[in-house]
Amino acid sequence: MDEYCAFSKDHKCLKWEDYELTRHELEEADALCHSNWIEILQLQKYITILKEILDENGIEYPDN
């Protein structure tokens, strides 16, 4: 894909601008997803530890 467009007055390709915008949004989404995944893994560790503590003390899990 090329940034140059012979059919436009200012020679800017609209598809190129869409491509750049979409690429930027995907990079941002990827970064956010990665951060969220790290947080989810940490929370799963906490849940596992809390379940072990409840099991050791014979305490039932609370309802949702």
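Parameters and conventions
- Residues numbered from 1 in each chain as written.
- Predicted model: local features only at pLDDT ≥ 70, side-chain atom pairs only at ≥ 80, totals over all residues.
- Heavy atoms only, no water.
- Helix = DSSP H or I, 4+ residues; strand = E, 2+ residues; numbered from the N terminus.
- Buried < 20%, exposed > 50% of the residue type's maximum accessible area, 1.4 Å probe, protein only.
- Areas by Shrake-Rupley, 256 points an atom, 1.4 Å probe, with all protein chains shown as cover.
- Expected span 1.5 Å × (residues − 1).
- Salt bridge = Lys/Arg side-chain N within 4 Å of Asp/Glu carboxyl O.
- Patch = residues over 30% accessible without salt bridge, like charges linked within 9 Å, V, L, I, M, F, W, Y side chains within 5 Å.
- Contact = heavy atoms within 4.5 Å.
- Polar contact = N/O pair within 3.5 Å; in protein donor to acceptor, adjacent residues only side chain to side chain.

Colleague: Could you clarify how one ought to interpret the overall build of the chain in this entry?
Modeller: Looking only at helices and strands, one finds one helix and zero strands in the chain. Counting across all 64 residues of the chain, residues that qualify as buried make up 5%. Counting every atom, the chain has about 6300 Å² of accessible surface; 59% of that belongs to carbon and sulfur.

Colleague: What should I look at first to understand helix H1 (residues 14–56) in this one?
Modeller: A turn of α-helix holds 3.6 residues, and therefore any two residues three or four places apart point the same way. A rise of 1.5 Å per residue sets the reference length of H1, with its 43 residues, at 63 Å; its end C-alpha atoms lie 63 Å apart and thus fit the reference within 8%. Of the residues trailing H1, glycine 58 is marked for its positive phi of about 65 degrees.

Colleague: In this structure, what is going on with the pattern of salt bridges? I would like to understand it.
Modeller: Charged atoms that come close allow side chains of opposite charge to pair. Evaluation of the coordinates by the stated rule reveals two salt bridges. Where arginine 23 meets glutamate 20, a salt bridge forms, and the shortest distance between an N and an O atom there is 2.9 Å. Here glutamate 20 and arginine 23 lie together in helix H1, a separation of three residues that amounts to about one turn. A residue is classified by how much of its surface remains accessible, and arginine 23, at 33% relative accessible area, is partly exposed. Here glutamate 20 falls in the partly exposed class, since its relative accessible area comes to 27%. When salt bridges that share partners are traced, they join Glu20, Arg23 and Glu27 into one network.

Colleague: I'm lost on a nonpolar patch on the surface in this one. Help?
Modeller: Together, Leu43, Tyr46, Ile49, Leu50 and Ile53 make up a nonpolar patch on the protein surface, roughly 480 Å² of accessible area in all. Since its relative accessible area comes to 46%, tyrosine 46 is described here as partly exposed.

Colleague: Which parts of the structure should I look at to understand the environment of tyrosine 61?
Modeller: Here tyrosine 61 lies in the segment after H1. Apart from residues lying up to four places away in sequence, tyrosine 61 is in contact with Lys51, Leu54 and Asp55. A distance of 3.1 Å separates a polar atom in the side chain of tyrosine 61 from a polar atom in the side chain of aspartate 55.

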